[in-house]
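# Coordinates in review
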Amino acid sequence: MSSITLFCAQYLFVVPLALLLWGWLRADAAGRRVLLLRGVIALVLGVALAKGGGGLYDDPRPFVVGHFTPMIAHAPDNGFPSDHSLLVFSCAFLLWPFDRRLSALAAIASAAVGAARVASGLHHPFDVFASVLFAGVGCALGAALARSIPLKFTKNEADLRKATSIEE
């Protein structure tokens, strides 16, 4: 069981990233532009929320509080929020309007990453839950802001309108 936990905690984050890349590659040109714009905005906002939250709330990592050696060597810094969880859940949320099946697969892998980070002694569950919240807010604001930014670098405005009006 510990080898599965270690694999999920250290390497499974690649799966949501690969699924996001696959979804982007499968999208049409207008969808790619919108997904890229939403992703950049969501990344900036999600990281800003995470850094702000980490600055306001100090949560020593479980191995520091419990005085044990974690399964994965890590610095004894603030564990709030989980950067890995922020990244993978952002991928899952970004995919939702474009491909719900890929989004669901990314969400399952993301949940496994978060659970493994908790099981390995690197994060408390609250660190992961906060990252899910920050990722969701970042992606929702990214989608809203992307709709308000005129993308004039497309020749087919009808495709662009269609891509930016995808149901959330």
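All of these numbers come straight from a predicted model, not from anything done at the bench.

Rules and cut-offs
Within each chain, residues carry numbers counting from 1 in the order of the written sequence. Reporting of local features is limited, given that this is a predicted model, to residues whose pLDDT is at least 70; pairs of side-chain atoms are given and counted only at 80 or more, and all residues count toward the totals for whole chains, interfaces and linings. Side-chain numbers here rest on the full set of heavy atoms in the structure, without hydrogens or water. Secondary structure elements are taken from DSSP: a helix is a run of H or I of four residues or more, a strand is a run of E of two residues or more, and numbering for both begins at the N terminus. Throughout, exposure labels follow a simple rule: accessible area from a 1.4 Å probe, protein chains only, divided by the maximum for the residue type, with under 20% read as buried, over 50% as exposed, and the rest as partly exposed. By definition in these notes, contact holds between two residues if any of their heavy atoms fall within 4.5 Å. To define axes, lines are fitted to C-alpha atoms, for helices over the stretch in contact only, and angles between the resulting N-to-C directions are given on a 0 to 180 degree scale. Amino acid classes used here: Ala, Val, Leu, Ile, Met, Phe, Trp, Tyr, Cys and Pro are nonpolar; Asp, Glu, Lys and Arg are charged; the rest, including Gly, are polar. In the analysis that follows, any N or O atom pair within 3.5 Å is treated as a polar contact, provided that within protein one partner can donate a hydrogen and the other can accept it, and provided that, for residues neighboring in sequence, both atoms belong to side chains. What sets the label is the angle itself: under 35 degrees gives roughly parallel, over 145 gives roughly antiparallel, 65 to 115 gives roughly perpendicular, and the rest give oblique. Note on convention: near helix rotated counterclockwise from far helix by under a right angle means a left-handed crossing. Clockwise means right-handed. Counted as salt bridges are all cases of a side-chain nitrogen of Lys or Arg within 4 Å of a carboxyl oxygen of Asp or Glu.

### Observations concerning the overall build of the protein chain
- Secondary structure summary: the protein chain contains 8 helices and 0 strands in total.
- Listing every helix and strand of the protein chain by position from the N terminus yields α-α-α-α-α-α-α-α.
- Across the 168 residues that make up the protein chain, the buried fraction comes to 43%.
- Relative to all contacts within the protein chain whose residues are 6 or more apart in sequence, the contacts with residues 24 or more apart total 78%.

### Structural notes on the packing of helix α2 (residues 14-26) against helix α3 (residues 29-56)
- Axis separation between α2 and α3 bottoms out at 8 Å; the angle between their running directions is 145°. The residues of α3 that touch α2, namely those facing L20, G23, W24 and L25, are R32, L35 and L36.
- Residue composition of the contact of α2 with α3, by class: 5 nonpolar, 1 polar and 1 charged.

### Section: the side chain of H123
- Note that H123 resides in the loop between α6 (100-119) and α7 (125-148).
- Looking at H123, its side chain comes within polar contact range of the main-chain oxygen of G79, at 2.8 Å.
- Sequence-distant contacts of H123, defined by excluding residues within four places in its chain, comprise R61, P62, G79, P81, S82, R117, V118 and V128.

### Describing the environment of W22
- Along the chain, the position of W22 falls in helix α2.
- Note: C-alpha distance between W22 and L102 (80 residues apart in sequence) is 8.6 Å.

### Overview of the packing of α2 against α6
- The interhelical angle for the contact between α2 and α6, taken along N-to-C directions, is 165°, at an axis separation of 9 Å. In this view, α2 runs roughly antiparallel relative to α6, as classed from their interaxial angle. Crossing angle aside, the handedness with which α2 passes α6 is left-handed. Touching V15, P16, L19, W22, G23 and R26 of α2 are L102, L105, A106, A109 and S110, all from α6.
- Here the residues of the contact of α2 with α6 are counted per class, giving 8 nonpolar, 2 polar and 1 charged.

### Here we look at unusual backbone geometry
- A cis amide bond, omega -15°, links F80 with the succeeding residue P81.
- Along the polypeptide, P81 turns up in the loop between α4 (62-65) and α5 (83-95).
- The phi dihedral of H67 is positive, around 55°, even though this residue is not glycine.

### A few points about the pattern of salt bridges
- A full pass over the atoms with the stated rule returns 2 salt bridges.
- The salt bridge partner of R26 is D99, with a shortest N-O separation of 2.7 Å. Within this pair, whereas R26 is found in helix α2, its partner D99 is found in the loop between α5 and α6, the two being separated by 73 residues in sequence.
- With its nearest N and O atoms 2.8 Å apart, the salt bridge here joins R61 to D77. Here D77 lies in the loop between α4 and α5 and R61 lies in the loop between α3 and α4, a separation of 16 residues in the sequence.
- Relative accessible area serves as the criterion here: at 5%, R61 is assigned to the buried category.
- For D77, a relative accessible area of 38% puts it in the partly exposed group.

Remember that the coordinates give geometry; whether it matters functionally is a separate question.
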